[in-house]
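Coordinate analysis (summary)
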Amino acid sequence: MKKELLFGFLLLLSAIFVVSPDPARSQLKPGDPIVFGVPTALGSIEGRDGWMAIQMARDEINAKGGIRVGKTTHKLEVYSIDTREHEPGIPVHDALTAMEKLILEKKPHAIVLGNFRSEVLLSSMDLISKYKLPYICSIAMTPLMQKKVSEEYDKYKYVFRNCLNAPYLSMYLGGVMGFIRKEFGFNKAFIVTQDVLWAKGTGKGLEGWYKGNGWEVIGFDTYATGASDFSPSLMKVRAQKAQVLVPIFDMPQSGILLKQARAMQVPALLAGFISPVSPENAWRVFEGEVEGMINMIYEVGPIAVKAVPKSVEFNENYGKRWGEKARTDLSGHGPGPSYDAVYIMANAIERAQTVEPDAMVKALEQTDMQGVVGRIRFGKDHQVVYGTDPKETAIGCGFQWVKPGKRTVVYPEAVAEGKIQLPPYMK
């Protein structure tokens, strides 16, 4: 308790006296390392895998000599802190306190990976502005981040995002639903989401897509983070004869929804995002009950897509670095962008020839490179552009679980390696 009070007092002093970043941080001397901070929810599978991907990128960069600034090269150091923001009931303030602790103690030149929960990302933008730290977010998905950058550019220009956002996820899900209707004539959907900003936003976006494309949305339910009984919604799905059940969840307990659906013999095609169903090991974990589900990989890399060579290389190298179990455990959101974020930031520093924040921001805005997730370019709102052609944009994909435990990419068409099939319980 005494330590917590002391740190709280130090943070108060920093808020009073630290109104601009330490000028010394922008002055690199020969031998000085370049430091990236990684404040995130390390207990989540997305945060865990993103942090491991970042360490892999650091090792690769350092093995080649480091980051060149002028006539000197600098080793890259990365430091993480667990914000615990994925846990039910953790206040936003606690996550921000952890983030500021990392900034004050490690004095990073930039932040990568960053916040897990969208609510924390929005609040952290003032902290990032205070310290003028270039920041690439690789998990939190709210489009309100872009709105804040666009409306108050001078204040929030340090914040970028290279992962998928909620509108892009709705776009991909809409594309999958278009395929489903074309192939099977389905037009009745039931949406079930986690009661958090990104998931509800994605659900609302998809609901709008459905209504504009001749579908009937016969239900839209939400569940609090930590919930473990989804039977009320599943009974409605069965009673109202929904043809497609769309779950949108990132919490570990969300896998129970799939098991309950199978136990209750709900005759609807599952198509959406359940975080624990994304990894390659999910077939074993769920004892084959994932068969037929169409799940999203938000950004390629955790699944190797032949049309994106760097995604194949990342997937293979991750297994070599961390072991085959870690590779098959890779989550469907965050690892690819987290790895890319290190290279994006390092590339920006080398082009800017400095770690001065405003110069780094300008260099980041001019990014145009091929990464694990496809072509990486930031829009004016500092969101990486996603689409359906990896030669032109970053890309996510939809895959379907098929026997004997294989993830087959079915969308977008430019990278598809198979077609959607109806699972046995719907035939």
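Preceding this section is the structure that the text describes.
Comments concerning the overall build of the chain
Looking only at helices and strands, the chain has 15 helices and 18 strands in total. The C-alpha radius of gyration of the chain comes to 22 Å, within 12% of the 22 Å expected for a compact globule of 427 residues. By principal-axis analysis of the C-alpha atoms, the chain measures approximately 65 × 45 × 40 Å. Out of the 427 residues belonging to the chain, those deemed buried represent 58%. The long-range fraction of contacts in the chain, counting pairs at least 24 apart against all pairs at least 6 apart in sequence, stands at 71%. On the chain, roughly 17100 Å² of surface is accessible, and the fraction owed to carbon and sulfur atoms is 54%. Counting 51 positive and 46 negative side-chain charges, the chain places the centres of these two groups 2 Å from one another.

Some remarks on the side chain of D250
Among the secondary structure elements, D250 is positioned in the loop between β10 (244-249) and α10 (255-263). Among the polar contacts made by the side chain of D250, one reaches the side chain of W198 at a distance of 2.8 Å. The residues contacting D250, other than those within four sequence positions of it, are E46, F116, R117, Q194, W198, F273 and S275.

Some words on the sheet that holds strand β5 (residues 110-113)
Reading across from one edge, β4-β1-β5-β6-β7 is the order of the five strands in this open sheet, with parallel pairing throughout. With one partner strand each, in any of the chains shown, β4 (76-82) and β7 (159-161) form the two edges of the open sheet. The sheet shows a mean angle of 25° between the axes of neighbouring strands, direction not considered. Of the strand pairs in this sheet, strand β1 (residues 34-40) and β4 are connected by seven bridges, and their pairing is parallel.

Section: the packing of helix α4 (residues 118-131) against helix α5 (residues 144-151)
A pair of packed helices is captured by two measures, namely the crossing angle of their axes and the spacing between those axes. Two elements in contact, α4 and α5, have axes whose closest approach is 9 Å; the angle formed by their N-to-C orientations is 25°. Judged on the interaxial angle alone, α5 and α4 are roughly parallel. On the side of α4, the interface is formed by L121, L122 and M125, while α5 contributes L144, M145, K148 and V149. Residues belonging to the contact of α4 with α5 are distributed by class as follows: six nonpolar, no polar and one charged.

Rules of the game
Residues numbered from 1 in each chain as written. Predicted model: local features only at pLDDT ≥ 70, side-chain atom pairs only at ≥ 80, totals over all residues. Heavy atoms only, no water. Helix = DSSP H or I, 4+ residues; strand = E, 2+ residues; numbered from the N terminus. Rg over C-alpha atoms; globule rule 2.2 N^0.38 Å. Buried < 20%, exposed > 50% of the residue type's maximum accessible area, 1.4 Å probe, protein only. Contact = heavy atoms within 4.5 Å. Areas by Shrake-Rupley, 256 points an atom, 1.4 Å probe, with all protein chains shown as cover. Lys, Arg positive; Asp, Glu negative; His and termini not counted. Charge placed at Lys NZ, Arg CZ, Asp CG, Glu CD. Polar contact = N/O pair within 3.5 Å; in protein donor to acceptor, adjacent residues only side chain to side chain. Pairing = 2+ DSSP bridges. Axes fitted to C-alpha atoms, helices over the stretch in contact; angles between N-to-C directions. Parallel < 35°, antiparallel > 145°, perpendicular 65-115°, else oblique. Nonpolar A, V, L, I, M, F, W, Y, C, P; charged D, E, K, R; others polar.

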